[in-house]
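Breakdown of the fold
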Amino acid sequence: MNIVFMGTPDFAVPCLQALLDAGYPVTGVFTQPDKPKGRGYQLAPPPVKEFALTQNLPVFQPKTMRDGEALEQLKGCNPDLIVVVAYGKLLPKEVLELPRFGCINVHASLLPKYRGAGPVQWSIINGEEKTGVTTMYMAEALDTGDMLESASLEIGENETADELMERLSHLGAELLISTVKKAEEGTLKPIPQDESLSSYVSMLDKEMARLDFNKPAKEVHNLIRGLSSWPCAYTFYQGKRLKVYRSKLSALTGQPGEIVDAKKFIIACRDGAVEFDTVQYEGGKRMSGADFLRGKKPGDHEILG
């Protein structure tokens, strides 16, 4: 069974690796175009492209899937099945109808909850204790196709979005192979999504990253965890921006925003407090919160924000 794989970020790589390890012929890999990266804004390939080239797989990077050129490239790959994992582009009807086994997507949530972009980050931000991955047939609308299989896992209390994404990527790879085998055997049992239980999540943006210590400590902690890689939660300390990458909950109390422990870098919230575990000051390097305060001691009852 010829498979065309479509994916872009690190999250998609274990799924492509799993298909190759299982012996499936991958006749083409579609991924997003190279993008400027770093201070020099030099073009950098997406992780899926980097991996595909190490496996000598043909790579295609169309700017759009709707101008006919991508369709012709796909036809040249002669796919029996298209597998899509965090590709970042909607597929038009003519692409969805091309392979005889259809198009199967691996989505990082327990559908129909958390359709759309950033489901892993939003599951943490919203304080979910469990999440998972779902395989589904793709439809023209975003994440609305019939569900095929799902698998779940517990979210750790201090787990960041990056850490959860890594675990889900491997869980998704296992689930994908199970789904593809059943597609070959003709034993899949698609289940329509219950629209009454569906929810969409929006793209992450920088506007949501500033910490508000007038909120409960758990909400502050969850925002830090959910935005750990991008855009990264932040506050202001002595007039400069302070990014916060990791935190943990504390039982201490005080005025919202007040540093209530100047050794462990614990900040009071509306109820409870959060300990800044890993931070980065404007123009500085990433370090532990405790090390940071040793170099930049706070004033008495100093308030962040």
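Right above here is the structure, for reference.
Fair warning: this is a prediction, and the values are worked out from it, not measured in the lab.

What follows deals with the overall build of the protein. Across its full length, the protein carries 8 helices and 17 strands. If one aligns the C-alpha atoms of the protein with their principal axes, the spans along those axes are about 70 × 45 × 30 Å. Taking all 305 residues of the protein together, the buried fraction comes to 49%. If you take every contact in the protein between residues at least 6 apart in sequence, the share linking residues at least 24 apart comes to 64%. As displayed, the protein offers around 14900 Å² of accessible surface, 49% of which is attributable to carbon and sulfur atoms. Here the protein contributes 35 positive and 40 negative side-chain charges, whose respective centroids are spaced 5 Å apart.

Take the side chain of T131 next. Relative to the helices and strands, T131 is located in strand β9 (residues 130-137). Among all residues touching T131, those that are not within four sequence positions of it are A108, S109, L110, S123, A151, S152, L153, I155, L164 and L168.

This brings us to the pattern of salt bridges. Taken as a whole and judged by the stated rule, the model has 11 salt bridges. Two residues, E72 and K75, come together in a salt bridge whose shortest N-O distance is 3.7 Å. Of this pair, E72 and K75 both sit in helix α3 (residues 69-77), separated by 3 residues, roughly a single helical turn. The partly exposed category is assigned to E72, whose relative accessible area is 49%. On the accessibility criterion, K75 (44% relative accessible area) is partly exposed. When the shortest N-O distance is used, the salt bridge between E163 and R246 registers 2.7 Å. Placement of E163 in helix α6 (residues 161-185) and of R246 in strand β13 (residues 240-250) is noted, with a sequence separation of 83 residues between them. Among the residues examined, R246 registers a relative accessible area of 28% and is labelled partly exposed.

Analysis parameters
- Residues numbered from 1 in each chain as written.
- Predicted model: local features only at pLDDT ≥ 70, side-chain atom pairs only at ≥ 80, totals over all residues.
- Heavy atoms only, no water.
- Helix = DSSP H or I, 4+ residues; strand = E, 2+ residues; numbered from the N terminus.
- Buried < 20%, exposed > 50% of the residue type's maximum accessible area, 1.4 Å probe, protein only.
- Contact = heavy atoms within 4.5 Å.
- Areas by Shrake-Rupley, 256 points an atom, 1.4 Å probe, with all protein chains shown as cover.
- Lys, Arg positive; Asp, Glu negative; His and termini not counted.
- Charge placed at Lys NZ, Arg CZ, Asp CG, Glu CD.
- Salt bridge = Lys/Arg side-chain N within 4 Å of Asp/Glu carboxyl O.

None of the figures reported here should be taken as evidence of function without further support.
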